[in-house]
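# Examining the three-dimensional arrangement
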Amino acid sequence: MRGRGAKIAGVLPLFMLFIAGRISAFEDIERLRIWPLPAQVSHGGRRMYLSGDFKLVTEGSKYGDTSGILKEGFDRMLGVVRLSHVISGDRNSSGSGGSALLQGLHVIISSSTDELEYGADESYKLVVPSPEKPSYAQLEAKSVYGALHGLQTFSQLCHFNLKKKVIEILMTPWNIIDQPRFSYRGLLIDTSRHYLPLPVIKNVIDSMTYAKLNVLHWHIVDTQSFPLEIPSYPKLWNGAYSSSQRYTFEDAAEIVNYARRRGIHVLAEIDVPGHALSWGKGYPALWPSKNCQEPLDVSSDFTFKVIDGILSDFSKIFKFKFVHLGGDEVNTTCWSATPRIAQWLKKHRMSEKEAYQYFVLRAQKIALSHGYEIINWEETFINFGSKLNPKTVVHNWLNTGLVENVTASGLRCIVSNQEFWYLDHIDAPWQGFYANEPFQNITDKKQQSLVLGGEVCMWGEHIDASDIEQTIWPRAAAAAERLWTPYAKLAKNPNNVTTRLAHFRCLLNQRGVAAAPLVGGGRVVPFEPGSCLAQ
Amino acid sequence: MSTNLLRLILLFITLSITSSLSTPSPADSPPYLWPLPAEFSFGNETLSVDPTVTLIVAGNGGGSLIIRAAFDRYMGIIFKHASGRGSLLSRIRFLKMVEYDITSLKIVVHSDSEELQLGVDESYTLMVSKKNEQSIVGAATIEANTVYGALRGLETFSQLCAFDYITKSVQIYKAPWYIQDKPRFGYRGLLIDTSRHYLPIDVIKQIIESMSFAKLNVLHWHIVDEQSFPLETPTYPNLWKGAYSRWERYTVEDASEIVRFAKMRGINVMAEVDVPGHAESWGTGYPDLWPSLSCREPLDVTKNFTFDVISGILADMRKIFPFELFHLGGDEVNTDCWKNTTHVKEWLQGRNFTTKDAYKYFVLRAQQIAISKNWTPVNWEETFSSFGKDLDPRTVIQNWLVSDICQKAVAKGFRCIFSNQGYWYLDHLDVPWEEVYNTEPLNGIEDPSLQKLVIGGEVCMWGETADTSVVLQTIWPRAAAAAERMWSTREAVSKGNITLTALPRLHYFRCLLNNRGVPAAPVDNFYARRPPLGPGSCYAQ
């Protein structure tokens, strides 16, 4: 993140050559209909059309695209631009002649790798020429994943002209330089409270790319069910709701791969020791006792063997540098209430709280041994912050002011304060999602650099395949702009972006995403007939 | 087949049965088919389905592209898990162990006609059996008179297939299967309303696709109403100005694409223009269609221009919508504007018309326009209750308001579509699935020759409070309850305790919709489209 400004400044003079001279005023921004707003935008006032065989060309690119990530991204981009419309118009009869015709997109990527690395450069530059200029738009990026962001922006510049029946780009020439403000822009899904079928998870991933979110935090397992296959401990799968509400190991690998090809990391979570009752369905020895089933038995080595087995299996498919170990809401009553564990506590001279610390730290060590850096929910920091491994990222949810304390102590932090960024709080309106500032009260640059970003959380108690999309969208988009767009460009009053966000919500609808109306809290239904743009 | 291999297979089956004891699986349960086929029998074997199952076609219609495309669609649905079709890993793993029981799907279609009209033969037989001495290859066979019957058979086949998480393969439980199936009604509709809220093309396609899962076969497209006019009409291009915005529109080509997409799934599209009472948006582009600027509905009955526009719209639509039925609306006509507008009032006086006479005049004139375009008119029931004896005898009456209107309409020799609002209006959120299910279109109609005039029924998804964000979960799962009522035999849906005979299957079908990416809402909630009450299994909510 830091230091990127200098790099962009370095390329700016070259870039200036393309600028046609019409720099738009700041007030003009809200008319741009781009979400999230790019770091720098200028545009003109001319209209161009996309050629019927709009091409991807990559001359001069160092990236070979042997995996097809760029080509697929390009094809997906064209798909959402066409929006299932039949493109039948004759572009050359538009009166502007062939010169207004854009033949394709020239993508130049300077890095040859398609390794999806956390914190890697996601910036891009997008130039759409004026009608007089050469006939290709140009997209430059360091990595293919930056280029994918550029394709998303390009797709939002394009519109289907329903009268001419062609794809057009208005306000050319366009010059856009863009990069995210935060490197961690997450969305949590919860497949334990309700199972989410594979196509639903894939739809969620696709919709995330439209808002340039880049981490899918997969809260796989919890008290209620254990849907994922763990080859090392196959009976864990008995904790699934039913024989069919399950993910095979291959399914999970496929989700990771599907997300990766869209530039999205998958953060896997096992929430120990407090949210793991379902583990004991297959291995009752993990429960303190049959009638006191949570948290996991701290006194038994078997507990940590199972955690080790799970994380060992995870390391084969979840390639993100972080794993989430939970650690929230640990009610330790069962430990004292179970004689065997009470004795163990006594023997080791541990209070319940110390046993909680012992558990979390031991789990951290296991994760580290598998090459992961760790994310834990904030209670671990509050209770024994100084003991946490320095590689720990603390995930906020409960307390305001936590981010200040965490970063002051030198640990990294992810912001998900529940009153603003918990999507299951359906009375929380989008304005709150937009206005929630991760750097709230943090002015020290060093501390700011420890805030990796933020995450909106779609907890699943009342969320299943039937209502997940409209509970996530459009509110997640409001947070996505907060996490992407430079602070100076963000609206001080969220209501100033209403029109642009309404447009993005309609864009999601057009792309088949069931984003809810803006008017009201979360998951509202339209209260009367009307235009999508006005609701 | 060698005895060794047979032993292996037996061992394999035994293993999978043993393992299924610990976790409930479809193997232990009644046939989870929705809607229930007319006749079926099953056995007690579990068969595995080859991820590379091949399509073998036969008969005059076997070569149809509709069949090929449907086969590809259903393979995607059946083998959607990572270890499914196309996964080399699993193929190698299983090839080492066993052969698959089902290696081909044979589809026999007798007719080469792809014409899709009301009453098209949708019957099919489906047989699934294991290899034995008589047949060398284990196979599934679908036999149908038309491609559309074969599509219904493919849907049923896909519902027999279940992914087994223990073996990571697709299995068919309770084989051998023998299914002989046909619908009870030829018209099984769902209404969508793109005037109150615009529905993007992609969303309409999702709806059509989901209809095919429940074997519904008519999409009633209530395109235009007083709020907006989203469809392009080349003959009167200004009508398009009645769209909500320049984004919320359909081109002629878009509409044709929707019709084509639906036909590929055996679904007809019935277009509606609702005249004269639900047409205010027409006047945005042509204010002359309004009685006056301050009194805009119903359409101006006095002007030939009004009927010229209707004729133009219908001429344009005729090129898009090949279905023989066309809906002319005719409901909720409040004629006050006619009484209160001077030139209309004078016209009425000149002809010695009451406003009701004028309403009749309008509807009948519109009917003649539709008939001249070789369409059979469909009208909402008010036209029948107001001037039934004057309607063209070909008219199909669509019920919505009065529960016994079909009874009365068929007694007069009209055909009828049942859509009783108390039960089959999906925008009524306080109607739980049982009430939808228990509603019988033939209630009170005993004479078999009159029963035949009830061509079917339709659930209506009016759009006042349903847009892209909620339309699918408001439709499903309740539309499925009506779909079974209209497809399955009357005996099957009327006998017994539906909590036992239907509910477990409906739970299963709702989860099947979810698994196919359709956001069907929980079955058990009293109010439609509400979120699940708490954590839990899809099959228990």
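Residues numbered from 1 in each chain as written. Chains lettered and ligands numbered in written order. Predicted model: local features only at pLDDT ≥ 70, side-chain atom pairs only at ≥ 80, totals over all residues. Heavy atoms only, no water.

Per UniProt, chain B goes by the name Beta-hexosaminidase 1 and belongs to Arabidopsis thaliana. UniProt annotates chain B under Catalytic activity with the comment "Hydrolysis of terminal non-reducing N-acetyl-D-hexosamine residues in N-acetyl-beta-D-hexosaminides." Of chain B, the UniProt comment under Sequence similarities reads exactly: "Belongs to the glycosyl hydrolase 20 family." (UniProt positions renumbered as here; feature names shortened; annotations may be inferred.)

Per an unreviewed UniProt entry, chain A goes by the name Beta-hexosaminidase and belongs to Arabidopsis suecica. In the Sequence similarities (unreviewed entry) part of its UniProt record, chain A is described as follows: "Belongs to the glycosyl hydrolase 20 family." According to UniProt, the comment filed for chain A under the heading Catalytic activity (unreviewed entry) is "Hydrolysis of terminal non-reducing N-acetyl-D-hexosamine residues in N-acetyl-beta-D-hexosaminides."

### Structural notes on the interface of chain B and chain A
Taken residue by residue, the interface counts 65 residues in chain B and 65 residues in chain A. When the two sides are added together, the surface that chain B and chain A hide from each other amounts to roughly 4,700 Å², 56% of it contributed by carbon and sulfur. At the junction of chain B and chain A, the tally comes to six salt bridges. Measuring nitrogen to oxygen at the nearest pair gives 2.4 Å for the salt bridge that ties Lys 168 of chain B to Glu 229 of chain A. Put simply, the parts of the chain that give the side of chain B that touches chain A at least two residues each are helix H3 (88-97), helix H5 (201-213), helix H6 (252-263) and helix H21 (503-515) of chain B. In terms of residue count, the dominant contributor to the side of chain B that touches chain A is H5 of chain B (five residues). Split by residue class, the side of chain B that touches chain A holds 28 nonpolar, 19 polar and 18 charged. (Contact = heavy atoms within 4.5 Å. Buried area = accessible area lost by both parts, 1.4 Å probe. Salt bridge = Lys/Arg side-chain N within 4 Å of Asp/Glu carboxyl O. Helix = DSSP H or I, 4+ residues; strand = E, 2+ residues; numbered from the N terminus. Nonpolar A, V, L, I, M, F, W, Y, C, P; charged D, E, K, R; others polar.)

### Considerations on the UniProt feature "glycosylation site" in chain B
All names here are of chain B. With numbering aligned to this structure, UniProt lists the feature "glycosylation site" at Asn 44, Asn 304, Asn 340, Asn 352 and Asn 497. These annotated residues cover 454 residues of sequence, and their C-alpha atoms reach 74.7 Å apart at the extremes, leaving them scattered rather than at a single site. Structurally, Asn 44 is set in the loop between strand S1 (39-41) and strand S2 (45-58). A relative accessible area of 66% means that Asn 44 is categorised as exposed. When residues no more than four places from it in sequence are discounted, the contact partners of Asn 44 are Lys 174 and Ala 175. Structurally, Asn 304 can be placed in helix H8 (residues 304-318). (Buried < 20%, exposed > 50% of the residue type's maximum accessible area, 1.4 Å probe, protein only.)

### A closer look at the nonpolar core
Counting 266 residues, the largest nonpolar core has Trp 279, Phe 314 and Phe 318 of chain A together with Ile 207, Trp 282, Phe 321 and Trp 476 of chain B as its most contacted members. Counting residues domain by domain, this core receives three or more from each of domain 1 (37-179) and domain 2 (185-494 + 507-514) of chain B. Non-local contacts of Trp 282 of chain B, meaning those with residues more than four positions away in its chain, are made with Val 224, Phe 229, Leu 239, Val 273, Val 275, Leu 289, Leu 299, Val 309, Ile 310 and Ile 313 of chain B. Among the nonpolar cores identified, the runner-up in size contains 41 residues, and Leu 102, Val 107, Leu 126 and Ala 147 of chain A belong to it. (Core = buried A, V, L, I, M, F, W, Y, C linked by side-chain atoms within 4.5 Å. Domains from an automatic or database assignment.)

### So, the UniProt feature "disulfide bond" in chain B
All names here are of chain B. A separation of 1.9 Å between the sulfurs of Cys 295 and Cys 337 falls under 2.5 Å, matching the UniProt disulfide annotation for this pair. Of this pair, Cys 295 sits in the loop between helix H7 (282-285) and H8 while Cys 337 is found in helix H9 (residues 336-340), placing the two residues 42 residues apart along the sequence. Residue class for Cys 337 comes out buried when judged on its relative accessible area of 8%. Look at Cys 511 and Cys 538: UniProt pairs them in a disulfide, and at 2.2 Å between sulfurs the bond is present in this structure. In this pair, Cys 511 sits in helix H21 while Cys 538 sits in the segment after H21, placing the two residues 27 residues apart along the sequence. Considered together, Cys 511 and Cys 538 belong to a single accessibility category, that of buried residues. (Disulfide = S-S within 2.5 Å.)

### Thoughts on the environment of Cys 506 of chain A
Residue and element names in this part refer to chain A. Tracing the backbone through its elements, the reader meets Cys 506 in helix H17 (residues 498-510). Spatially, the C-alpha atoms of Cys 506 and Ser 531 are 9.4 Å apart, while their sequence positions differ by 25 residues. In contact with Cys 506, not counting residues within four places along its chain, are Cys 532 and Leu 533.

### Comments concerning the state of the cysteines
Residue and element names in this part refer to chain B. Overall, the coordinates contain five disulfides over all chains when judged by the stated rule. Each sulfur of the disulfide joining Cys 511 and Cys 538 lies 2.2 Å from the other. On the sign convention where negative is left-handed, the bridge of Cys 511 and Cys 538, at about -115 degrees about the S-S bond, is left-handed. When the cysteines of chain B that form disulfides are numbered from the N-terminus onward, they connect as 1-2, 3-4, 5-6. Along chain A, the cysteines engaged in disulfide bonds are linked according to the scheme 1-2, 3-4 when indexed in sequence order. Free cysteine: Cys 161, not disulfide-bonded; nearest cysteine sulfur from Cys 511 at 18 Å. Residue classification places Cys 161 among the buried residues on the basis of a relative accessible area of 11%. Not engaged in a disulfide, the cysteine Cys 460 finds its nearest cysteine sulfur in Cys 406; these two sulfurs lie 12 Å apart.

### A few points about the pattern of salt bridges
All names here are of chain A. One pass over the structure, following the stated rule, counts 49 salt bridges over all chains. Here Asp 313 ties to Lys 316 by a salt bridge, and the two come within 3.4 Å at their closest N and O atoms. Of this pair, Asp 313 and Lys 316 both sit in helix H6 (residues 301-317), separated by three residues, roughly a single helical turn. Given a relative accessible area of 1%, Asp 313 falls into the buried group.

### Regarding the sheet that holds strand S5 (residues 139-144) of chain B
All names here are of chain B. Taken together, eight strands build an open sheet; the order of strands is S1-S8-S4-S5-S3-S2-S7-S6 and the sheet is mixed. With partners counted over all chains shown, the strands left at the sheet margins are S1 and strand S6 (161-164), one partner each. Ignoring strand direction, the axes of neighbouring strands in this sheet form an average angle of 30 degrees. Bridge analysis of strand S4 (residues 124-129) against S5 gives six bridges, and the strand direction is antiparallel. Bridge pairing in S5 links Thr 125 to Glu 143. Of the strands in this sheet, strand S3 (102-109), S4, S5, S6, strand S7 (169-175) and strand S8 (177-181) touch helix H4 (residues 147-160), which is tilted by about 35 degrees from S4. (Pairing = 2+ DSSP bridges. Axes fitted to C-alpha atoms, helices over the stretch in contact; angles between N-to-C directions.)

### Re helix H4 (residues 198-210) of chain A
Each α-helix winds once per 3.6 residues, and so residues spaced three or four apart point in a common direction. All names here are of chain A. Taking 1.5 Å of rise per residue, the 13 residues of H4 would be expected to cover 18 Å, and the 19 Å separating its terminal C-alpha atoms lies within 8% of that figure. Counting buried positions over the 13 residues of H4 gives 11, a clear majority of the element. Along H4, the positions that sit buried rather than exposed are Leu 198, Val 200, Ile 201, Lys 202, Val 204, Ile 205, Asp 206, Ser 207, Met 208, Thr 209 and Tyr 210. In the segment just after H4, Lys 212 is the residue with positive phi, at about 60 degrees. (Expected span 1.5 Å × (residues − 1).)

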